[in-house]
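# What the coordinates show
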Amino acid sequence: DDFVSQAINNNNYTSSFALQGIIMGTLDKRSGRTYGPPGNKKCVFFIDDLNMPYVDTYDTQSAIMLLTQMISYAQVYDRAALEEKKDLID
């Protein structure tokens, strides 16, 4: 197989913190601040019930905004050290 897949089911309690934990748990650290699937594989996420996370007081859904950041910039911030970015590949 050339792909690693992960199914993610969202619900009303899905936060961006939980979603980032699920996604980053699937990826391995490559070098420096680069993360990607294990080996020379590509990663595919199947996300169910995308519109289910709670709408906050700013009329946003933090889980969806995290996915938007990941897709647009191919990076996320480390939750423990906010000055560090993690680059995502494959």
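It should be noted that the structure appears before, not after, this text.
### Concerning the overall build of the protein
- Of the regular secondary structure elements, the protein holds two helices and six strands.
- The globule rule puts the C-alpha radius of gyration for 90 residues at 12 Å, and the 13 Å found for the protein is close to it.
- When burial is assessed residue by residue, the protein has 32% of its 90 residues classed as buried.
- Sequence separation of 24 or more characterises 56% of the internal contacts of the protein that already satisfy a separation of 6 or more.
- Surface summary for the protein: the accessible area is close to 6100 Å², and the carbon and sulfur share equals 52%.
- Taking the 8 positively charged and 12 negatively charged side chains of the protein as two groups, their mean positions are separated by 8 Å.

### Topic: the nonpolar core
- In terms of nonpolar packing, the biggest core is built from 13 residues, with Leu 19, Ile 23, Met 24, Leu 27, Met 70, Val 76 and Leu 88 touching the most fellow members.
- Every element with two or more residues in this core is listed here: helix H1 (16–26) and helix H2 (62–73).
- Per element, the largest residue contribution to this core is four residues, and it comes from H2.
- Beyond its immediate sequence surroundings of up to four residues, Leu 88 is in contact with Met 24, Leu 27, Tyr 35, Met 70, Ala 74, Gln 75 and Val 76.

### Quick word on the side chain of Thr 34
- Among the secondary structure elements, Thr 34 is positioned in strand E3 (residues 34–36).
- Apart from the residues lying within four places of it in its own chain, the contact partners of Thr 34 are Asp 28, Lys 29, Asp 87 and Ile 89.

### Regarding the layout of surface pockets
- Here the largest pocket is characterised by a volume of approximately 320 Å³.
- Lining the largest pocket are 16 residues, and of these Ile 23, Phe 45, Met 70, Ile 71 and Leu 88 lie nearest its centre.
- Elements supplying a minimum of two residues to the lining of the largest pocket: strand E4 (42–48) and H2.
- Its residues assigned to classes, the lining of the largest pocket shows 14 nonpolar, one polar and one charged.

Cut-offs applied
- Residues numbered from 1 in each chain as written.
- Predicted model: local features only at pLDDT ≥ 70, side-chain atom pairs only at ≥ 80, totals over all residues.
- Heavy atoms only, no water.
- Helix = DSSP H or I, 4+ residues; strand = E, 2+ residues; numbered from the N terminus.
- Rg over C-alpha atoms; globule rule 2.2 N^0.38 Å.
- Buried < 20%, exposed > 50% of the residue type's maximum accessible area, 1.4 Å probe, protein only.
- Contact = heavy atoms within 4.5 Å.
- Areas by Shrake-Rupley, 256 points an atom, 1.4 Å probe, with all protein chains shown as cover.
- Lys, Arg positive; Asp, Glu negative; His and termini not counted.
- Charge placed at Lys NZ, Arg CZ, Asp CG, Glu CD.
- Core = buried A, V, L, I, M, F, W, Y, C linked by side-chain atoms within 4.5 Å.
- 1 Å grid on protein atoms, 1.4 Å probe; cavity = no way out; pocket = protein on both sides within 12 Å on 5 of 7 lines; lining within 4 Å.
- Points joined across faces, edges and corners; volume = space filled by probe spheres on them.
- Nonpolar A, V, L, I, M, F, W, Y, C, P; charged D, E, K, R; others polar.

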